[in-house]
Structure formats: C-alpha cells, structure tokens
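# Coordinates in review
Below are the chains, spelled out letter by letter.
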Amino acid sequence: GLDVELRRLGSVDKATAAVRTGEANLAISPPEGALADAAAGGSLRLIAANCNCLPLTLVANARIKRIEDLKGAVLGTSSLTEGTAIYTREMLSRRGLQYPQDYSFALAGVHQGRWKALQEGIIDAAVQPPPFNFLAIDAGYTDLGEVSDYLPEIAFTAVLGRLDWVQDNE
C-alpha cells in the first residue's frame, strides 16, 4: 500500500538537502547531515540505520603503497561535510596526515563516480564499497586498508526524515 518514488541524487549533500527542503520525504544516506541538522535545532531526524559498520576499503593508484604515501594526493569524495570525507580524514589522521595540509579532496561523486575518477587518474585514492573495492584491487590498485579498522562502530547508512513528516506518516 505504499506509493514510493525512488530517485538518485548523486551525493549525500543533495540527499540531505532534499529532505530538509521537502523535495524528498526520506533519504537513505550517511547520518552526519541529519545529526548536524538536529544538533543545530533543525528538523531532520534519523529514523533507522541499515548498516552499523563501514564496508569501505581505501584504494589507491598502484604507485601508492602506504597511507603515508598519500601526502600531496587528491582523494575522491562525494561530500566535504558528510560521509566519505569524514571517514577518510579520520583514517588518514590516525596515520599522521592532516587535511588540508597534507592532501586535498575532489568532489568525484558517490562510489561509481569515484571509481571512474580513479580509473581516469583524476584522483589518487578513494574509499570504496563492494564491489568497487574488489574491482579496484583486481585491477591492480593498492588496498590501503579497511575503514572499519579505524572506525569499528558507526552508522554508515541511515534513513533520514523531517520530524514533521515522520510524525504525520508513522
């Protein structure tokens, strides 16, 4: 009995903004945007989470052998404020690299866009979910480790909604 329209918005920022403005009722996205909105007094809320670990591998151009080799590199992300950028910054900071002094980000999009940008040499590395992590490793890219080794417990994918809409649509 549900009437559902699915749309791909191409970035976590766009998905969060679509729910905030009412363009979308719900979004499946990393939770950081909704958490920040709620903490600032906004109306976004987390309704559910469907993955409480980060199924992401940091993959890099074959010339990069260690995380420390990413100094001066360009890393792909879908947002500078949510999702992959947060996870990547945390992972690299634990290996002594600080953003933006030691590396930069390119807004390459979600996993498909990051995979294409990596193949085209636009970026040097990116965190990737299955199957893109396996495709990259099979193609000779370097496996720099699992993000979950650095952040073992974190909601990765959540359902976001506006409080008023959620209350009206239990």
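Structure shown above.
Described in the following lines is the structure provided in the data block. Since we're looking at a predicted model, the values are computed, not measured.

### Some details on the overall build of the protein chain
Per the secondary structure count, the protein chain includes six helices and eight strands. Beginning at the N terminus, the succession of helices and strands in the protein chain can be written as α-β-α-β-β-β-α-β-α-β-α-β-β-α. Here the C-alpha coordinates of the protein chain stretch approximately 55 × 30 × 25 Å along the principal axes. Counting across all 170 residues of the protein chain, residues that qualify as buried make up 44%. At a minimum sequence separation of 6, the contacts of the protein chain that also span at least 24 residues come to 75%. Summing over all exposed atoms, the protein chain offers an accessible surface of approximately 8,900 Å²; the carbon and sulfur share of this is 53%.

### Remarks on the environment of L35
Within the secondary structure, L35 sits in helix α2 (residues 32-39). Sequence separation between L35 and R162 is 127 residues; the distance between their C-alpha atoms is 12 Å.

### Here we look at helix α3 (residues 84-93)
Restricting attention to buried positions, one finds in α3 the residues T84, A85, Y87, T88, M91 and L92. Projection of α3 onto a plane perpendicular to its axis shows the buried side chains occupying an angular sector of 165 degrees, all on one side.

### What about the packing of aromatic side chains?
According to the stated counting rule, one finds four aromatic pairs in the structure shown. Centroid distance Y99 to F105: 4.9 Å. Interplanar angle 50 degrees. Geometry classified as tilted. Here Y99 falls in the partly exposed class, since its relative accessible area comes to 32%. The interplanar angle of 90 degrees and the centroid separation of 5.6 Å between the aromatic rings of Y103 and F105 together place this pair among those described as edge-to-face. Residue class for Y103 comes out buried when judged on its relative accessible area of 3%. Among the aromatic side chains, those forming a connected cluster through ring pairs are Y99, Y103 and F105.

### Examining the pattern of salt bridges
Scanning all chains against the criterion turns up eleven salt bridges. Of the charged contacts, one joins D37 and R20 as a salt bridge, the two residues approaching to 3.1 Å between their closest N and O atoms. Note that D37 is positioned in helix α2 and R20 in helix α1 (residues 12-21), a separation of 17 residues in sequence. Look at D37 and you get buried, because its relative accessible area is 12%. The residue E90 makes a salt bridge to R94 at a minimum N-O spacing of 2.6 Å. Note on E90: relative accessible area 27%, which makes it partly exposed. R94 sits in the partly exposed class, given a relative accessible area of 47%.

### Regarding the environment of A60
Locating A60 in the fold gives a position in strand β3 (residues 57-60). A sequence separation of 76 residues divides A60 from A136, and the C-alpha atoms of the two residues are 8.3 Å apart. Not counting chain neighbours up to four residues away, the residues in contact with A60 comprise D124, A125, Y141, T142 and L144.

Calculation criteria
- Residues numbered from 1 in each chain as written.
- Predicted model: local features only at pLDDT ≥ 70, side-chain atom pairs only at ≥ 80, totals over all residues.
- Heavy atoms only, no water.
- Helix = DSSP H or I, 4+ residues; strand = E, 2+ residues; numbered from the N terminus.
- Buried < 20%, exposed > 50% of the residue type's maximum accessible area, 1.4 Å probe, protein only.
- Contact = heavy atoms within 4.5 Å.
- Areas by Shrake-Rupley, 256 points an atom, 1.4 Å probe, with all protein chains shown as cover.
- Arc of directions from axis to C-beta.
- Phe/Tyr/Trp six-rings, centres within 6.5 Å; stacked < 30°, edge-to-face > 60°.
- Salt bridge = Lys/Arg side-chain N within 4 Å of Asp/Glu carboxyl O.

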